[in-house]
Amino acid sequence: MSYRRDRRSSKSALFDGFDKLEEGGLRSSSSFSHEIKEHDNDKAIDSLQDRVTFLKRLTGDIHDEVESHNRLLDRMGNVMDATRGIMSGTMDRFKKVFEKKSNRRMYTLVVGFVVSFLIIYYLIR
């Protein structure tokens, strides 16, 4: 009998850690892995939150840039309309000038002076 008792005590000493493992050791390791997974999830959520914040700022910057370009294009359109009005008025005046022969001679004289001025300017420069 003492042999059996010694065998049981040595067996219990040998497998003492496994008894705890069976009783609740797995639960503690399971909760530890659960905590690790929870920590990894928290890190992933923080990373996603940073990315979302970055994308939100980026889209806000893009929105501001688009609005400034739209304002610039509107101003350019208004300036082009004003320039078109000035040019149409100038063209109407040129048409009136070319309707008469004496005005054509005046035009050729002015164009001749402008061309000669440009030639002299480029020769001197």
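Quick caveat, the model's predicted, so the values are computed rather than measured.

### Digging into the overall build of the chain
Part 1: A tally of regular secondary structure across the chain gives 3 helices and 0 strands.
Part 2: The N-to-C order of helical and strand elements in the chain reads α-α-α.
Part 3: With 125 residues in all, the chain has 1% of them scored as buried.
Part 4: Accessible surface, the chain as shown: approximately 12,100 Å² in total, 61% of it carbon and sulfur.

### Points about a nonpolar patch on the surface
Part 1: A contiguous nonpolar patch, built from Met106, Leu109, Val110, Phe113, Val114, Phe117, Leu118, Tyr121 and Tyr122 and spanning about 950 Å² of accessible area, is present on the exposed surface.
Part 2: Here Val114 falls in the partly exposed class, since its relative accessible area comes to 44%.

### Things to note about the confidence of the model for the chain
Part 1: Per-chain confidence: the chain averages 79 in pLDDT, with 72% of residues scoring 70 or above.
Part 2: Mean pLDDT values for the elements of the chain range from 51 in helix α1 (residues 2-14) up to 85 in helix α3 (residues 101-124).
Part 3: Low pLDDT, under 50, characterises residues 18-27; the stretch is placed with 2 contacts to residues that sit more than four places away or in other chains.

### Here we look at a negative patch on the surface
Part 1: A surface patch of negative charge is lined by Glu38, Asp40, Asp42, Asp46 and Asp50.
Part 2: Take Glu38: it is sitting in helix α2 (residues 16-98).

Cut-offs and rules
- Residues numbered from 1 in each chain as written.
- Predicted model: local features only at pLDDT ≥ 70, side-chain atom pairs only at ≥ 80, totals over all residues.
- Heavy atoms only, no water.
- Helix = DSSP H or I, 4+ residues; strand = E, 2+ residues; numbered from the N terminus.
- Buried < 20%, exposed > 50% of the residue type's maximum accessible area, 1.4 Å probe, protein only.
- Areas by Shrake-Rupley, 256 points an atom, 1.4 Å probe, with all protein chains shown as cover.
- Patch = residues over 30% accessible without salt bridge, like charges linked within 9 Å, V, L, I, M, F, W, Y side chains within 5 Å.
- Salt bridge = Lys/Arg side-chain N within 4 Å of Asp/Glu carboxyl O.
- pLDDT = per-residue confidence, 0-100.
- Contact = heavy atoms within 4.5 Å.
- Lys, Arg positive; Asp, Glu negative; His and termini not counted.
- Charge placed at Lys NZ, Arg CZ, Asp CG, Glu CD.

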